[in-house]
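Examining the three-dimensional arrangement
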Amino acid sequence: MLEVVLPEKSYEIIIERNSLNHISEWLGNIWQHKKIAVISDENVFPLYGEQICQQLQEQYEVVHYVVPAGEKSKTLDVAAELYTFLAKEQFTRSDGILALGGGVIGDLAGFVASTYMRGIAFVQVPTSLLAQVDSSIGGKTAVNAPMAKNMIGTFAQPDGVLIDPETLQSLSEKRIQEGIAEIIKCGAISDQTLWQDLANLTGIADFLNHSEALIEKALRVKKKVVEEDPFDNGNRLLLNFGHTIGHAIEHLAGYGGLSHGEAVAIGMVQITKNAEKMKQTPKGITQQLITMNERYHLPITYQPWDKELLYQAITHDKKARGKTLKIILLETIGQAKIHEIPIEEIKKYLEEGE
């Protein structure tokens, strides 16, 4: 168990195999006498939804809403559908939302909870590795806009997070890979021991055998920076390593065309490769990233590469601040730095050559 301690609130993160079997007991320690809306998608709800709703119905009035799977549901239109559903079910500010699913559901349900009636309580029950180690923690909620991913969002902390690593058994290898990309990032920016743990494993099957401990180590990295910087203005920016270019690649590929983790994996290699050329990162770091990506069958390049289109996507990204951009570079494996540049200078990091 981990605890995120923030000035406005604190909450626990439970990381325990088969904890979905005890979700009613867990939630009973957080919420009393609430009406609960379980928000999930068409892939996840058939796996866990009925089991969870049946457990919760012993103590709560429970309703559920299932959206289509994938990024296409992370929009203001779907959020509006959820507002209407909650209103028809007579949800008030004393009720709450349980987000059951991957990152899309966590972001969407958190956004709806934080904006419905100016904010109602919510908890996160992430079922994908990416959501377990990244999006369910830290209070970022958002939906996508046509111009950029996660452009419309809020900061809203959940009341609790329940992670059951057994849910990873239902995922495809591709979905596990994208979560591993975020764990690689955590090791690269802040935890050399975590990096070495990943390097010592033989691949994805071996990772799954050790997933509980690896998830916890990755979350300790994120917990630390979230506590230091809950609103993403300072050191929390370190978590954006690989994301500045990665989000642009993801946008160009079309939401769902390339997974978030795959895009981040490419973004980490791309920005480090050019930082090495400019002597801003020690020589050899790029090769270490490439070797780690390849160990877990993650990509290192994207085609077709269009520097101008990538630049346009980056200028619309929420990480751009006026005429400057803060990018994340590695000083060594396990230590990163924030480097502020004029926004047009990002083109230097988009060079495609070797």
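Residues numbered from 1 in each chain as written. Predicted model: local features only at pLDDT ≥ 70, side-chain atom pairs only at ≥ 80, totals over all residues. Heavy atoms only, no water.

A short note on the pattern of salt bridges
- Under the defined criterion, the tally for this structure stands at 15 salt bridges.
- With a closest N to O distance of 2.7 Å, Glu 262 and Lys 174 form a salt bridge. Pair noted here: Glu 262 is in helix 11 (residues 260-277) and Lys 174 is in helix 6 (residues 173-190), with a separation of 88 residues, a long-range link.
- Judged by its relative accessible area of 10%, Glu 262 falls in the buried class.
- Close ionic contact of Glu 228 with Lys 224 constitutes a salt bridge, the shortest N to O distance being 2.8 Å. Here Lys 224 and Glu 228 lie together in helix 9 (residues 211-228), a separation of 4 residues that amounts to about one turn.
- Note on Glu 228: relative accessible area 43%, which makes it partly exposed.
- Taken together, the salt bridges that share partners define one network made up of Arg 17, Glu 166 and Glu 212. (Salt bridge = Lys/Arg side-chain N within 4 Å of Asp/Glu carboxyl O. Helix = DSSP H or I, 4+ residues; strand = E, 2+ residues; numbered from the N terminus. Buried < 20%, exposed > 50% of the residue type's maximum accessible area, 1.4 Å probe, protein only.)

Section: the domain arrangement of the protein chain
- Parsing the protein chain into structural domains produces domain 1 (1-168) and domain 2 (171-347).
- Relative placement of domain 1 and domain 2: their C-alpha centres are 25 Å apart.
- Across the boundary between the two partners, domain 1 contributes 36 residues, which contact 35 residues of domain 2.
- Between domain 1 and domain 2, roughly 3200 Å² of surface is buried when both sides are summed, and carbon and sulfur atoms account for 64% of that area.
- Across the salt bridge formed by Arg 17 and Glu 212, the nearest N and O atoms sit 3.5 Å from each other.
- On inspection of domain 1 and its partner domain 2, the count reaches 9 residue pairs in polar contact (both at pLDDT 80 or more).
- Among the secondary structure elements, those contributing two or more residues to the side of domain 1 that touches domain 2 are strand 1 (2-5), strand 2 (10-15) and helix 5 (129-135).
- Residues that form the side of domain 1 that touches domain 2 fall into these classes: 19 nonpolar, 9 polar and 8 charged. (Domains from an automatic or database assignment. Contact = heavy atoms within 4.5 Å. Buried area = accessible area lost by both parts, 1.4 Å probe. Polar contact = N/O pair within 3.5 Å; in protein donor to acceptor, adjacent residues only side chain to side chain. Nonpolar A, V, L, I, M, F, W, Y, C, P; charged D, E, K, R; others polar.)

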